Every structure is written in C-alpha cells, then in structure tokens.
Amino acid sequence: MKISLKWLQEYVDVKEFFTKPEELAETLTRAGLEVEEITNLAKDFNHVVIGHILEKDKHPNADKLSLCRVSTGDVVHQIVCGAQNHKAGDRVIVALPGAVLPGNFAIKKSAVRGVDSAGMLCSLKELGLAKESDGIEILPADAPIGKSYAEYGGYDDITFELKVTPNRADCLSHFGLAREVACLLSKELKTPKAEPKLGSNSSKKEIALEVKAFDLCPRYTARVIKGVKVGPSPEWLKHRLESVGMNSINNIVDVTNFVMMELGQPLHAFDAKFIGGGKVVVDRATAGEKFITLDGSEKTLTGEELTIRDTSHPMCLAGVIGGKNSGVTDATTEIFLESAYFVPMSARKTSRTHGVDSDSAYRFSRGVDPDGALRGLNRATALILEVAGGEAFADHHDFYPNPVKKNPITITVKTVSDRLGYEAIESQFVDYMKRLGCGVEKNGETFKVLPPTFRFDLEQDMDLVEEYARLNGYDHIPEALPGFTNPPAHHDKGFLLNKSVSELVRADGFQQAFNFAFVGSKGEKPFLGDVSALKAAGLNATAKEIRIMNPLNEEMDVMRSSLSFGLFKNLSTNFHYGNMMGRLFEIGSTFYTGDDGSYGENPRLGFALWGRNENLWNKSLDYPIVFELKATVETLLKNLNISSYTWVTPANKAEVPAFMHQGQFAQLLVEGKKVGFIGTLHPVILDDAKIRVPAAIGEFDLDQLYKGQPRPFRIQSVSKFQVVERDFAFVMPKTLKVGDVLKDIRKAAGALLVNVDVFDLYEGDKMEAGKKSVAIRLWLQDKNGTLQEEQISGVTTKVLESLKKNFDLSVR
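Parameters at a glance
Residues numbered from 1 in each chain as written. Predicted model: local features only at pLDDT ≥ 70, side-chain atom pairs only at ≥ 80, totals over all residues. Heavy atoms only, no water. Helix = DSSP H or I, 4+ residues; strand = E, 2+ residues; numbered from the N terminus. Buried < 20%, exposed > 50% of the residue type's maximum accessible area, 1.4 Å probe, protein only. Contact = heavy atoms within 4.5 Å. Areas by Shrake-Rupley, 256 points an atom, 1.4 Å probe, with all protein chains shown as cover. Lys, Arg positive; Asp, Glu negative; His and termini not counted. Charge placed at Lys NZ, Arg CZ, Asp CG, Glu CD. Pairing = 2+ DSSP bridges. Axes fitted to C-alpha atoms, helices over the stretch in contact; angles between N-to-C directions. Salt bridge = Lys/Arg side-chain N within 4 Å of Asp/Glu carboxyl O. Parallel < 35°, antiparallel > 145°, perpendicular 65-115°, else oblique. Left-handed = near helix turned anticlockwise from the far one by under 90°. Arc of directions from axis to C-beta.

Caption draft 1: Seen up close, the overall build of the protein chain. Secondary structure assignment for the protein chain yields 22 helices and 41 strands. When the backbone C-alpha atoms are referred to their principal axes, the protein chain occupies close to 125 × 85 × 65 Å. Every one of the 812 residues in the protein chain was classed for burial, and the buried ones make up 48%. Contacts in the protein chain between residues far apart in sequence, at least 24 positions, make up 70% of those at least 6 positions apart. Surface summary for the protein chain: the accessible area is close to 41100 Å², and the carbon and sulfur share equals 50%. Separation of charge centres in the protein chain, based on 98 positive and 107 negative side chains, amounts to 3 Å.

Caption draft 2: Representation of the sheet that holds strand β41 (residues 771-780) in the model. The strand order β39-β41-β40 describes an open sheet built from 3 strands, whose pairing is antiparallel. Each edge of the open sheet is held by one strand with a lone partner, namely β39 (724-733) and β40 (753-762). Shown here is a sheet whose adjacent strand axes are inclined to one another by a mean of 25 degrees, direction ignored. Bridge analysis of β40 against β41 gives 8 bridges, and the strand direction is antiparallel. In the sheet register, Y762 faces β41, and the bridge partner there is S773. Packing of helix α21 (residues 738-749) onto the sheet brings it into contact with β39, β40 and β41, and relative to β40 it is tilted by some 150 degrees. Its contacts with the sheet place helix α22 (residues 789-807) against β39 and β41, and it is angled at close to 15 degrees to β39.

Caption draft 3: A look at the pattern of salt bridges. With the rule as written, the count across this model stands at 45 salt bridges. The partner of D418 in a salt bridge is K414, with the nearest N and O atoms 2.9 Å apart. Taken as a pair, D418 and K414 lie in helix α11 (residues 413-420) at a separation of 4 residues, close to a single helical turn. Residue class for K414 comes out exposed when judged on its relative accessible area of 58%. A salt bridge links R455 to E467; the shortest N-O distance between them is 3.1 Å. Here the residue R455 occupies a position in the loop between β29 (446-450) and α13 (461-472), and E467 occupies one in helix α13, the gap between them amounting to 12 residues.

Caption draft 4: The packing of α21 against α22, seen in detail. Where α21 contacts α22, the axes come no closer than 9 Å and their chain directions differ by 135 degrees. Taken as axis vectors, α21 and α22 run oblique relative to one another. Considering only the axes of α21 and α22, their crossing is right-handed. Residues D740, V741, D744, I745, A748 and A749 of α21 form the contact with α22, whose participating residues are V795, K798, V799, S802, L803, N806 and F807.

Caption draft 5: Up close: the sheet that holds strand β27 (residues 409-412). An order of β27-β29-β28 is seen for the 3 strands of this open sheet, with the pairing classed as antiparallel. Looking at the sheet topology across the chains shown, the edges are occupied by β27 and β28 (439-443). Between one strand axis and the next, the sheet turns through 30 degrees on average, direction left out of account. Relative to β29, β28 runs antiparallel, the two being bridged by 5 bridges. When the sheet's bridge partners are listed, V440 is paired in β29 with V449. Lying over the sheet, α11 contacts β27 and β29, oriented at roughly 70 degrees with respect to β27. Sheet contacts for α13: β27 and β29; angle to β27, the most-contacted strand, approximately 55 degrees.

Caption draft 6: Quick peek at helix α15 (residues 521-528). Within the sequence span of α15, burial applies to S521, E524, F527 and L528. Mapping the buried residues of α15 onto a view down its axis gives an arc of 150 degrees, with all of them on the same face. Opposite the packed face of α15, turned more than 90 degrees from it, sit the exposed residues K522 and P526. Structurally, α15 contributes buried residues whose contacts are with β31 (518-519), α16 (532-536), β32 (558-559), α17 (564-576), β37 (673-681) and α19 (683-688).

This is the structure in structure tokens:
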C-alpha cells in the first residue's frame, strides 16, 4: 500500500520526518509495518523552478524558434524555445541545467542554431504530468518567481510503500496509519471532519432499503444526494489520489476513492435514476444470472455472491465491483451513496470466484471497521457537496440490528512480564492500551481491556502481550539460552526414515521434487484412469475425489490420489524447458476416501526418469529406461535390509494403470505383499505431451516399506578363504523371466552361494526364433575353509538339475 507523508501530515504531525523519512520508516518497520520502499517525488523536479518571461524575441537564425530572457529570481537566463503559446510577462515552468526530465532527458547549457540556451521552458507532458500538452504550461500571474515547482505544484511529497500484514487491516488507510504513528510516537491524532450540511428531504422516502442477507451484511448505511454536477475533480483532490498511484476519474468517484484511502472505508455511488423500483435490496445472487461489471466483463453468478440489487437485477457485487448498469456517468445528477460493512469471507470468496481484484475487495476481504461505515458516509457526503454541489438528504439509512461488539480481555501485568522475560511497568501498560484506543478498567491486580472495533486482531491476553512488546520495542526482550533441564525429544521415526531414503536416492543421481498436495481434477483423473489398477499394485486409491471447498484455481481443486501425476507434470515441464534428461523423486502424502466416508492419508515414494545419460549408457545394450529405475529401487531395498522381494508382471492387463506401457510394467512384492509399481510411460501419453525421449514412472507405499524398520543388519567377519566363480550360459525362451531363474538358483545352491547375477545377454540372429542366451555367474565361498572341488561340483550339479527340472534348461 502506498502512503503519502503530506497526506499523513493532515492527521498527525510528521513534519520532522520530511528531511529524514528513513527514521519514520525504521519506526514503522520495527512495529511490524514493513516499509519496502521510500520515494522522494521532489527529486524528480530538482532544478525545476517557476520563471518570469521578461522579453520574447525572434531567434536570429530560425523563424520557428523564439529567444527569451527568463528571470528565476536573482538570475536572468537566456533560453531558446520552440513553442508559440507564450509571451513576455508570462509565468512559466523552467528546467535549469542539472535537471533530468522523464526519459532521462538531461538539461544542460547548449547552443541552439548558434545561440546559447541555458534551460528549457516546459510543458506538463515534458514533466511527465500529462499525456498531451498544447504548448508550454502558462502559470497564474501570482505564481512566485524562483520557487521550486515541486513545492508550488504539490509534488514535494515523500511516499512509503508499506507491506501491511493480514492482521493489520486497520492500517490500510492514511488515517489508520496516522492512528498507529500517533500511538508509536505519543503524538496527537487529528480526526477528519465529517459533518455534512443536510437538507430537509428524506433518503428513506426517496429510495427504500431491504437487507435480506444480514448474515453477510451486518451494517449498511446510505444517503441520497440530488443535484450533483459530475465533472473533473479539483486539483487538490487529483493530487491526493495521484500521490498514491490512483487515477482521477470524476469528482464523485474520486471522492469515494479519497475516503477509502483516507479512512479505509470503501464506498460506492449508484446513479439513483437507474435503481429500478425505487428500492435497494441487499441479498444473495440468483444462480445463473448475468452481471456486467464496470469494466464491461460479463460474470455468471453462482448464487453464493452477495449483491446490491434493485427490484429486478444486481447492480453491484457487494464489496468487490460495481455494475455497468448503475455507475456514475457525466449525465448523473442524483446518486445513492453506499457505505457498508460486509463480512470478509463473503467479499473474499466473490473476489476469488470471479477473479476480480479491486482496492475495495482487498480491504473488505481483510476486514473493515463496522463502526466506521457511518463516519465514511458522512465524510464522503461533505466532500461531494464541496466538489460537486447538490443537496444531501437527511434521514439516512443505517441498517445495524446487531452492533459488532468486542469482548473484553482479562490480563495482569505479571502475565506480560512472565511472557516477555522482563518486568513490565503497569503505568506504561495502561498508557499503551489507551494509545491503542482500548478501554481499560482495573480491578485489583487484574485489568479488563476492551479493544476498539477496528482492531480485529486483539482477541486474547497474548495479543496484548505482543502489543506491549511491539510498542515498547522488541529489542528490550532479553536474550537467554533455554535451561536444558530436560533431554531433547527423540526425532520422529518417520522423519528419520524419510531422511535416510532421501539421502540414498539422491546418492543414486536423483533430485528431490516438492509438489503441492492438491492438483487439478481435470488433469489427474484422465491421467490415472481406472484407480483399481493402483489398488491392484498395493496402493490406496479411490475413484471418489477429495475436493477443496475453496480452491485457489481449477488446477488445485482436489487432494492428490497419486504422486505420479505431479511427477509427470514435472517431467513434461522440464523436458519442454530444455532438460532432455532428468531423474526426480518425491516423498509425500496422497489422500483417499475410506469405505466409511472418512479421509485417509498415505505416505508415498515416487520416481520419474526421462532421457538417457549418454556418458553412462551402453548403446550395445538397448534396454528400456525402466531398468534404471528397477536398479535404484533394488539398491534402496538392499539398504533397508529387505531381501525377500520379487517383481511380478500381472497377467490381467486391467491391473496395468492407464498411463503405463502394457508390456513394460511390474509390481513389487515385498514379503508377499504388493507395495507399488514401476513401468515405462505409455507411448500415447508421451506423444500427446510431445515428449520425445523414453520415460519411466514408479510409485511405492512407504508405510509398507517401513514395516519393521530399521531392520538390524547381521555383522559377519570377512572370510579369509577364496571366492570361486562359475559361469554358465543357458538358452531359454524369451518369455521366461530371468528373475525366476535366479531365484531358483539361490534356492538350489544353498549356503555356499554368495551371489548370483547376469553378466551377458544375447538375442542375435544366430539364436533360434523366440530364444535368448543368458550368461549367469555364481560366486561360491565357504567361510570355514577352502572350497574343495567336490563341494563346488555338488553345488553346480544341484543348480543344473533344478533348472532342468523346473525350466527344462541346459547349459549351452
């Protein structure tokens, strides 16, 4: 929010800070209102002053140029000018050497057509104060010669860009901030006058009011003003609005904006002639009805919005934006001026639903003082009468059946001292509370503090403790180490396991992704397809989505059912941003609905791989990328000390998720229970997303993987006896899983087998159709002695006999 110090000066004395604004900024920042930027507008008009044209002659070398002698007080300057609308005796704006005009146009002494010129006579356009100018600006005859134009024109201002936290909506105005400054610096607060001169006619008789949705509109005030003349605003009003970055529209609208920026109370002016039926109704919208906003965009209402209506249609989305059918125009002569209090939830929801951000919605969404509605109405009425004329009707509307009341807070000074760690002073506490606008009653050692209605954030004793610390200065809180009387709490087991898994996977070349727990149902549902395939892989999933009641947008309207969709989006985004290869993993929760309607949360581990690492890929072995993922998962299982696992390919293709390749998919069984899956992404999915590299996805249930963790490792001494290797090559059908063969070898070989693995695979044209040659290496070792040939032969014989019996395999 932008604040003008000159405007602020009207309510609290801050003159001392015009030469040192940094000090006031520091005070506000320390009090919790961060000043993000300080702008000295006068610096834009350095060396720009008011001049008096003494003489105007023709340029000796150019017919269209004039040569002027211009006084700026003690000095007379010779200036060449190209404009034709000035004459001797005029007061003008002069940019002297050293001035820098908009567009980084530096003014310096120069020769123009052989004649020296020591400055420039300026138009408002050249100063950046107008879009168009007919010539140089001619000032009134009483403009003081030599005076800084910034000071004369009211541009000698300093603005603060404030970062107001959501709990301090009371500071979203100049008077609100003045109230805060007065509190911080013990200065007198000057309240703006709000005493309009009223006529004898009745606002209630002229236009009736009915508030139906009083739950969303606890207070509604309004007044009729007739005979107004809509036109340009006076300069003081334009300057005030421009100083905080607002454009002038017309005198009526400018007053409503002025009061909003002054008091923090948004207002709206309706053209009374367009209020059908002579009645204003405050009620919820009708579902499906259309509403055209002031900027001309059409909105279809849901029925949950609060609207200001006449007897037939909506005229305004309450607290958000006005309608095109009832706004003030140049032809308006009668207005219905509204100043109300709408509950924050209503304005915020309407603003988000329809994507309308306005200054009014910003304030109503955070909270407006309900007691300030009538004050804002009276202040705006007085100003409209001043700048637009007319008659303000008496007997204004003020619907306020249940006045908002704050509950008193009970607190002792000892509570303040105990919480802050230093002794709080009673007299200081009472002074601070009164400065905040609170009522204070003392009963023994206990104080009963009644906060003002504009301080929504003061609800309990700890809020008052914070106010004391804030006003007294946070630097008074002493630094002290905790006593360490109790031992530190143990880390959460799940956190430690997640940390360990993260380190293991990152060590394998993966980077960790962090995605939102909510996704778009329009994207996730088609991607996942039938969730029964996820359930078949051992993952909790239900077709019924868990919807967000108030989503930020349609891309975040449901809780995610799987990590795979989010990781696929990461994959797609990275690829289209030029990352042709990547390895990502995510540890996060997914959500499902139980059979009884309850909600469940399940921790998962997800993977996404795409592209090949050309430095590591063996091009002679053109294997699917999913095998890289398989190796990573098996490394993880080994580090978790899980040895009893196997990969299975479902016979029923319905158990393969819609986004997975039918022929390159496997489920993981750990100790007989399915815990997840890996697979290559479906070619159609990749083609639709225009991903031109191979990609794989995996997802696992961490609750199942963590069962029994951490599992103890058996520590064994290293055998001093030699390992014996034996290699075998088998010709087998391509459909036979090598994993099943290795499992059979481990079972048949017994305790002497240290390890078994595949070291070669051949499927060339010399092989019989439908066959493959697999070379397998066995590592044998006896920990108690040197292996004898009979032992080695016994093991190899058992292995070969078992393979012959179970798979009809023979050594090649």
